[in-house]
Amino acid sequence: MKPFGAYEGIAVPLLRNNIDTDAIIPSREMRQVSKKGLGTGLFAGWRYLNTDREARALNPDFVLNQPQYAAAGILLAGANFGCGSSREHAVWALLEYGFRAVIAPGFGSIFYHNAMRNGLLPIRLPEAAILNLCNADAARLTIDLHNTTVATATGLSYRFEIEPLYRDLLLQGMDAIDLTLQRQDAIEKFQARDRQQRSWAYLR
């Protein structure tokens, strides 16, 4: 995963409550198990005027299709973002599209942890703070994970909370497997001892 330290990007407002994982990536857009190829299906039900994958027409009224948000990397959302199913594809689609962070008053529990484990930073801020960020003079925000702050170019700043373990993993660009492999020596020593004590368990 790409380490997340300080990130500056365009913030796009999608202030709808209860955006579920099927809205983030509809099931019809998931044609394969791979993490790749999901970005085009992100918010497909709102982003396109039709469902024909071969001849899609963009919905000009949907916020992601507006020119000023073409390179957005931060999503400002409503309460309970990512609720619904446990589909990890929702996080993969957001990442492939180019989002590095989602700021919302709250998240679906499974989505929240899926995001952290895949390098997408979910930030909880009060609704009033998110509205202030939407109304800020500049559309660009700076997220500093070292200092756990979100700030605008005009000086508006908010602090957020994040679990220390997830913060460290994001800063280092590590996932749970990388964390486990840091103890590779201890794992191999345990296996060597266990092979002697329970040799029958290793018979094939």
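Residues numbered from 1 in each chain as written. Predicted model: local features only at pLDDT ≥ 70, side-chain atom pairs only at ≥ 80, totals over all residues. Heavy atoms only, no water.

## As for the domain arrangement of the protein
Working step 1: Once the domains are mapped, the protein shows domain 1 (6–173) and domain 2 (175–204).
Working step 2: Inter-centroid distance (C-alpha atoms) of domain 1 to domain 2 is 38 Å. (Domains from an automatic or database assignment.)

## Re helix α6 (residues 164–172)
Since one α-helical turn is 3.6 residues long, residues separated by three or four positions face the same way.
Working step 1: Within α6, the full set of buried residues consists of Tyr-166, Leu-169, Leu-170 and Leu-171.
Working step 2: Just downstream of α6 lies Gly-173, where phi reads positive at about 70°. (Buried < 20%, exposed > 50% of the residue type's maximum accessible area, 1.4 Å probe, protein only. Helix = DSSP H or I, 4+ residues; strand = E, 2+ residues; numbered from the N terminus.)

## A closer look at the environment of Asn-65
Working step 1: Inspection of the secondary structure puts Asn-65 in the loop between α2 (44–47) and β2 (72–77).
Working step 2: Between the C-alpha atoms of Asn-65 and Tyr-48, which are 17 residues apart in sequence, the distance is 9.2 Å.
Working step 3: Discounting chain neighbours no more than four positions away, the residues touching Asn-65 are Arg-47, Leu-58 and Asn-59.
Working step 4: A polar atom in the side chain of Asn-65 sits 2.9 Å from the backbone oxygen of Arg-47. (Contact = heavy atoms within 4.5 Å. Polar contact = N/O pair within 3.5 Å; in protein donor to acceptor, adjacent residues only side chain to side chain.)

## A few points about the sheet that holds β2
Working step 1: Ordered in space as β4-β3-β2-β1-β5-β6-β7, the seven strands form an open sheet in which the pairing is mixed. The sheet terminates laterally at β4 (121–124) and β7 (157–159), the two strands that pair on one side only. Put simply, the sheet's adjacent strands are angled 30° from each other on average, direction ignored.
Working step 2: Looking at chain direction, strand β1 (residues 6–14) and strand β5 (residues 140–144) are connected through five bridges and run antiparallel. Each bridged residue has a counterpart across the sheet, and for Ala-6 the counterpart in β5 is Asp-144.
Working step 3: Taken strand by strand, helix α5 (residues 127–134) contacts β1, β2, β3 (101–104), β5, β6 (149–152) and β7, and its axis lies near 135° from that of β2. (Pairing = 2+ DSSP bridges. Axes fitted to C-alpha atoms, helices over the stretch in contact; angles between N-to-C directions.)

## Thoughts on unusual backbone geometry
Working step 1: Although it is not a glycine, Asn-18 adopts a positive phi angle of roughly 60°.
Working step 2: Within the fold, Asn-18 resides in the loop between β1 and α1 (21–24).
Working step 3: Judged by relative accessible area, Asn-18 falls into the partly exposed class, the value being 47%.

## Details of the packing of helix α3 (residues 89–97) against helix α4 (residues 109–118)
Working step 1: Their axes nearest at 9 Å, the elements α3 and α4 cross at an angle of 50°. Relative to α4, the element α3 lies oblique. Along this stretch, α3 crosses α4, giving a crossing that reads as right-handed. Between α3 and α4, the contacting residues are Ala-90, Val-91, Trp-92, Leu-94 and Leu-95 on the first element and Phe-111, Asn-114, Ala-115 and Asn-118 on the second. (Parallel < 35°, antiparallel > 145°, perpendicular 65-115°, else oblique. Left-handed = near helix turned anticlockwise from the far one by under 90°.)

## Topic: the nonpolar core
Side chains of a nonpolar character, in soluble globular proteins, are inclined to be buried together.
Working step 1: Of all hydrophobic cores here, the largest spans 56 residues; its most connected members are Phe-43, Phe-81, Leu-94, Ile-103, Phe-111, Leu-121 and Leu-125.
Working step 2: Those residues within four positions of Phe-43 in sequence are excluded, and the remaining contacts are Leu-14, Ile-19, Ala-23, Ile-24, Phe-62, Leu-64, Leu-75, Phe-81 and Leu-94. (Core = buried A, V, L, I, M, F, W, Y, C linked by side-chain atoms within 4.5 Å.)

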